[in-house]
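Below are the chains, spelled out letter by letter.
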There are 2 protein chains.
Amino acid sequence: MSERLAPGATVGILGGGQLGRMLAMAAAKLGLRARVFAPEADSPAFQVSEKPVCAPFEDIAALRRFAEQCGVITYEFENVPAHSLAVIEELRPVFPPRRALVSAQDRLAERRLLQACRLPHADFEFVAEAAALEPAFTALRGRGHATAYLKKLRHGYDGKGQLRLEGSQDIAAAQDWLGREAAILEAAVPFLFESSVIAARARDGDIVCYEPARNTHTHGILSESRVPSGLPERLIADAFAMTRAIMERLDYVGVIGVEMFAIGGDKPDSLVINEIAPRVHNSGHWTLEACTVSQFENHIRAVAGWPLGSAERHADARMVNLIGEEADAWADILAQAPHRSLHLYGKAETRPGRKMGHYCDLTPLNRAPSAES
Amino acid sequence: MSERLAPGATVGILGGGQLGRMLAMAAAKLGLRARVFAPEADSPAFQVSEKPVCAPFEDIAALRRFAEQCGVITYEFENVPAHSLAVIEELRPVFPPRRALVSAQDRLAERRLLQACRLPHADFEFVAEAAALEPAFTALRGRGHATAYLKKLRHGYDGKGQLRLEGSQDIAAAQDWLGREAAILEAAVPFLFESSVIAARARDGDIVCYEPARNTHTHGILSESRVPSGLPERLIADAFAMTRAIMERLDYVGVIGVEMFAIGGDKPDSLVINEIAPRVHNSGHWTLEACTVSQFENHIRAVAGWPLGSAERHADARMVNLIGEEADAWADILAQAPHRSLHLYGKAETRPGRKMGHYCDLTPLNRAPSAES
């Protein structure tokens, strides 16, 4: 176990999007220096950090120089090439550990991890090649699943890399779409809503879990996260236990996001894990306002070897993503609600489906007498 | 009235200390870019902003180039030379307005402002030169004040630039200390405690006031600020009204800090204004954790022409400054209290009396069920 960082030491962040940006600001709050390595010249995280490095993740020489100037390295997204992380690991500690990244990069490895932890997940079949799709679909139907999702093993996020199959008439098109890639064919889970647990694990094994959020997606992209989620206490405890099991099996350090489906009749009666993100997570942005120590700060504390802060919340919260042109309404969004907290990510170009910012509305659990004059 | 800034526009900040640093981060949260102009090469605010300019405030050419690259200019401390601000004003809007800076830079101008607003302040005499000290002291004694503070007109902060006079035996030494400077001789106010109001005024005149804090000083430096302050509702209303009067008279834009003495017998029964700071204020750091919109964010919103956010608080708070070597105990400070929020300012060199960081302890007004697992 490496030494904890002292104030003034540098946290290296791979990836320069909004997650890297908020991580860099969390590091600065704690008196740590943040340096960002990202391929895009206009990376939002470059604006809030020193001496950014703009280079592709495949530029091993640049990665090495970057790593040598950092005390510890972390990453903001799971599509950093694992071999790039392996190079850095030789020089500096990397958290979360590479095995977590590898599990999250490959849907089959992710399912194997859940199986090893004996955690509930959707029924699935491995599809090594297009020809294996038809027998896989038949097998799932034989086990009572009428509908399935074909998910490519790699690089899926925001609903990309997956295709819905309603019946055998969809197989030929799905085979074309899959091409030469491998995939899993996963039974569709008839869920009531999606929930996610954001949790942090310190280098010494200490774990804190933020209360699960209830997530809503639009066109496959997260549009809203709310706490409380509506999950009963028993399922919240289950969600925490499942998250702990995953973190402990991976000897995890940092923040993790675990997406789950709440299933049942009128009310949720159990949980099924959907996906694991080895990083800070969009559905945890509400922790910036509703908790004293946010997911970003707890991630930095964990990777720096510092003690974690409390994950308790002091307010009900509703986080709303601003996708594409939705962010153009920032002035109205602010003017409508004085308690609203707005985050814009400093992205110069607005594109459809691009996350441009978010806002968070709080309902304090109990308000102080008004201090408005 | 100039146009409001759009996201992506640049806020120029004069001064690169911890206040500039926290302002730069507040700007980034809102999708604005922050640029910092400061004389010191290792300015903490340089670490969290882009393309810093390191030059003295007297370098007019550098100031002009800087201003031309910003949409609006603000400052983190009141000792920016007023003539430097005048140069910038020709090129870009500057907030808070220069007249506020000028009033705060000169203790006589500050007293004149309070007189013009008919606001209570300590009895005083102007001391144009050392020879005028004895008659001034005699005059104050004649009005019943046994003890007085001699305060140089300019550049006083953290208890610097002032000297206590207990009796006529102190006059000769005070004259030596004063040299050729002008000063005011101010009656010592026997106060119960110091309080301060942090408030923000938008370009459209909208004002929000944060609840007054109760401040404790050690060796003339703020050591602690707490809310609630213990001021009764009536005096809180007085404090807000006085702060509003000052801001309106100055046609103020941005955040102001107004320090007041609470006076009375067992309990405070009135307020006397001590000092005005035309900027975000150390005694308002608790707003980062205890309010959804902090003093830093409301300052940026105001100078950018954006709507203000609520100043309501959702928790009781105690902010403690970490002065000099006190910050070396950061690990214990964090480990003692998981609800504690720590800020370290990224200052490489620890010096006695130097503000290295602060922490804030919150007592939420009502906690949610524990989410610790």
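Structure: above.
Given the structure is predicted, the values throughout are model-derived calculations rather than measurements. (Residues numbered from 1 in each chain as written. Chains lettered and ligands numbered in written order. Predicted model: local features only at pLDDT ≥ 70, side-chain atom pairs only at ≥ 80, totals over all residues. Heavy atoms only, no water.)

1. Description of empty space enclosed by the protein
In this structure the tally under the stated criterion is 9 cavities of 30 Å³ or more. Counted as a void, the largest cavity has a volume near 750 Å³. As for the largest cavity, its lining consists of 32 residues, and the residues nearest its centre are Lys29(A), Leu288(A), His343(A), Lys29(B) and Leu288(B). Put simply, the parts of the chain that give the lining of the largest cavity at least two residues each are α1 (18–29), α9 (287–290), α10 (295–304) and β16 (341–344) of chain A together with α1 (18–29), α9 (287–290), α10 (295–304) and β16 (341–344) of chain B. (1 Å grid on protein atoms, 1.4 Å probe; cavity = no way out; pocket = protein on both sides within 12 Å on 5 of 7 lines; lining within 4 Å. Points joined across faces, edges and corners; volume = space filled by probe spheres on them. Helix = DSSP H or I, 4+ residues; strand = E, 2+ residues; numbered from the N terminus.)

2. Digging into the relation of the copies chain B and chain A
The transform that puts chain B on chain A rotates by 180° and translates by 0.0 Å along the axis, for an RMSD of 0.0 Å. Between the two chains, the operation in question is that of a two-fold axis. The C-alpha atom lying nearest the rotation axis in chain B is that of Val48(B); the distance is 2.2 Å. Counting the interface residues of chain B, we find that 100% of their copies in chain A are interface residues as well, pointing to one common contact surface. (Least-squares fit on C-alpha atoms with pLDDT ≥ 70 in both. Contact = heavy atoms within 4.5 Å.)

3. Things to note about unusual backbone geometry
The residue after Val227(A), namely Pro228(A), is reached through a cis peptide bond having omega -5°. With respect to the helices and strands, the residue Pro228(A) is situated in the loop between β12 (221–227) and α8 (233–249). For the peptide bond that leads from Phe95(B) to Pro96(B), omega is -10°, which places it in the cis range. Relative to the helices and strands, Pro96(B) is located in the loop between α3 (82–89) and α4 (98–105). Of note in this structure, Arg118(A) is not a glycine but carries a positive phi near 55°. Relative to the helices and strands, Arg118(A) resides in the loop between α5 (107–116) and β5 (124–127). One non-glycine residue, Lys51(B), adopts positive backbone phi at about 45°.

4. Some thoughts on the pattern of salt bridges
Residue and element names in this part refer to chain B. Using the criterion set out here, one finds 46 salt bridges over all chains in the structure. A salt bridge links Glu-50 to Arg-33; its shortest N-O distance comes to 3.2 Å. With Glu-50 in the loop between β2 (33–38) and β3 (53–54) and Arg-33 in strand β2, this residue pair connects regions lying 17 residues apart in the sequence. Accessibility expressed as a relative area gives 18% for Glu-50, which makes it buried. (Salt bridge = Lys/Arg side-chain N within 4 Å of Asp/Glu carboxyl O. Buried < 20%, exposed > 50% of the residue type's maximum accessible area, 1.4 Å probe, protein only.)

5. Notes on the interface of chain B and chain A
Between chain B and chain A, the residue contacts involve 58 residues of the former and 59 residues of the latter. Here chain B meets chain A over a buried area of about 5100 Å², counting both sides, of which 57% is carbon and sulfur. Across the chain B-chain A interface, the total number found is 0 salt bridges. One can count 18 residue pairs in polar contact (both at pLDDT 80 or more) joining chain B with chain A. Taken together, the elements giving at least two residues each to the side of chain B that touches chain A come down to α1, β10 (207–209), α8 (233–249), α11 (330–336), β16 and β17 (355–364) of chain B. When the residues that make up the side of chain B that touches chain A are grouped by side-chain class, the tally is 30 nonpolar, 14 polar and 14 charged. (Buried area = accessible area lost by both parts, 1.4 Å probe. Polar contact = N/O pair within 3.5 Å; in protein donor to acceptor, adjacent residues only side chain to side chain. Nonpolar A, V, L, I, M, F, W, Y, C, P; charged D, E, K, R; others polar.)

6. Topic: the environment of Cys70(B)
Residue and element names in this part refer to chain B. Assignment of secondary structure puts Cys-70 in the loop between α2 (60–68) and β4 (72–75). It is 9.5 Å that separates the C-alpha atoms of Cys-70 and Pro-93, two residues lying 23 residues apart in sequence. Look past the residues within four positions of Cys-70 in its chain and what remains in contact with it is Thr-10, Gly-12 and Arg-92.

7. Observations concerning the sheet that holds strand β6 (residues 148–152) of chain A
Residues and elements named next belong to chain A. Taken together, 4 strands build an open sheet; the order of strands is β5-β8-β6-β7 and the sheet is antiparallel. Each of the sheet's edge strands pairs with one partner strand only, and the pair in question is β5 and β7 (162–165). Looking at each pair of strands side by side, their axes are set apart by 20° on average, direction ignored. As defined by bridge partners, β6 adjoins β7 across 4 bridges and the pair is classed as antiparallel. Its bridge partner being in β7, Tyr-149 is matched across the sheet by Arg-164. (Pairing = 2+ DSSP bridges. Axes fitted to C-alpha atoms, helices over the stretch in contact; angles between N-to-C directions.)

8. Section: the nonpolar core
Taken as a class, soluble globular proteins show a tendency for nonpolar side chains to be buried jointly. Counting residues in hydrophobic clusters, the biggest one holds 120 residues, and the most contacted among them are Trp286(A), Trp306(A), Leu342(A), Trp286(B), Trp306(B) and Leu342(B). Once residues within four sequence positions are removed from consideration, Trp306(B) is found in contact with Trp330(A), Leu334(A), Leu342(A), Leu344(A), Arg4(B), Leu5(B), Pro7(B), Leu30(B), Leu32(B), Ala202(B) and Arg301(B). (Core = buried A, V, L, I, M, F, W, Y, C linked by side-chain atoms within 4.5 Å.)

9. Description of the packing of aromatic side chains
Tallied over the full model, the rule gives 12 aromatic pairs over all chains. Seen from their ring centres, Trp330(A) and Trp306(B) are 4.1 Å apart, and the 35° between their planes marks the pair as tilted. Linking Trp330(A) in helix α11 (residues 330–336) with Trp306(B) in the loop between α10 and β15 (315–323), this pair reaches from one chain into another. In this pair, the class of Trp330(A) matches that of Trp306(B), namely buried. What links up through ring pairs into an aromatic cluster is the set Phe37(A), Phe57(A), Phe66(A) and Phe77(A). A cation over an aromatic ring shows up here: Lys152(B) above the ring of Trp177(B), its NZ or CZ 4.4 Å from the ring centre. Here the guanidinium or amino end of Arg214(B) rests over the ring plane of Phe193(B), the centre of that ring lying 3.8 Å away. (Phe/Tyr/Trp six-rings, centres within 6.5 Å; stacked < 30°, edge-to-face > 60°. Lys NZ or Arg CZ within 6 Å of the ring centre and 35° of its normal.)

10. What about the side chain of Arg201(A)?
Residues and elements named next belong to chain A. Its place among the elements puts Arg-201 in strand β9 (residues 193–201). A polar contact is formed between the side chain of Arg-201 and the backbone oxygen of Tyr-252, at a distance of 2.8 Å. Residues in contact with Arg-201, not counting those within four places in the same chain, are Asp-206, Ile-207, Met-247, Glu-248, Asp-251, Tyr-252, Val-253, Gly-254, Ala-302 and Leu-308.

11. Section: the packing of α1(B) against α10(B)
All names here are of chain B. The interhelical angle for the contact between α1 and α10, taken along N-to-C directions, is 65°, at an axis separation of 8 Å. Comparing the axis directions of α1 and α10 gives the class roughly perpendicular. For the pair α1 and α10, the crossing hand works out as right-handed. In contact with Leu-19, Met-22, Leu-23, Ala-26, Ala-27 and Lys-29 of α1, α10 contributes Phe-296, Glu-297, His-299 and Ile-300. Split into classes, the residues belonging to the contact of α1 with α10 amount to 7 nonpolar, 1 polar and 2 charged. (Parallel < 35°, antiparallel > 145°, perpendicular 65-115°, else oblique. Left-handed = near helix turned anticlockwise from the far one by under 90°.)

12. Details of the packing of helix α3 (residues 82–89) of chain A against helix α4 (residues 98–105) of chain A
Residues and elements named next belong to chain A. Orientation of α3 relative to α4, taken along the N-to-C sense of each, is 180°, at an axis distance of 10 Å. By the angle class used here, α3 and α4 are roughly antiparallel. Judged by residue contacts, Ala-82, Leu-85, Ala-86 and Glu-89 of α3 engage Arg-98, Leu-101, Val-102 and Gln-105 from α4. A breakdown of the residues in the contact of α3 with α4 according to their chemical character gives 5 nonpolar, 1 polar and 2 charged.

13. What to know about the sheet that holds β2(B)
Residues and elements named next belong to chain B. Read from one edge of the open sheet, 4 strands run β3-β2-β1-β4, paired in parallel fashion. Looking along the sheet, the strands with just one partner apiece sit at the ends: β3 and β4. Two strands pair when backbone bridges link them, and β2 and β3 are joined in this way by 2 bridges, in the parallel orientation. Each residue of the ladder has a partner; that of Phe-37, found in β3, is Val-53. Sheet strands in contact with α2 are β1 (10–14), β2, β3 and β4, and its direction is about 175° off that of β2.

14. Describing the pairing of strand β14 (residues 268–277) of chain A
Within β14(A), 8 of the 10 residues are buried, which leaves the element mostly enclosed by the surrounding structure. A loop of 3 residues connects strand β13 (residues 254–264) of chain A with β14(A), the two strands running antiparallel in sequence.

15. Side note on helix α6 (residues 133–142) of chain B
Residue and element names in this part refer to chain B. What α6 keeps buried is the set Leu-133, Ala-136, Phe-137 and Leu-140. Along α6, the residues classed as buried sweep out an arc of 100° about the axis, all on the same side. For α6, exposure combined with an orientation more than 90 degrees from the buried face picks out Thr-138 and Gly-142. Looking at the buried residues of α6, the elements they touch are β5 (124–127), β6 (148–152), β7 (162–165), α7 (171–178) and β8 (183–187). Immediately beyond the C-terminal end of α6, within one or two residues, lies Gly-144, with a positive phi of roughly 95°. (Arc of directions from axis to C-beta.)

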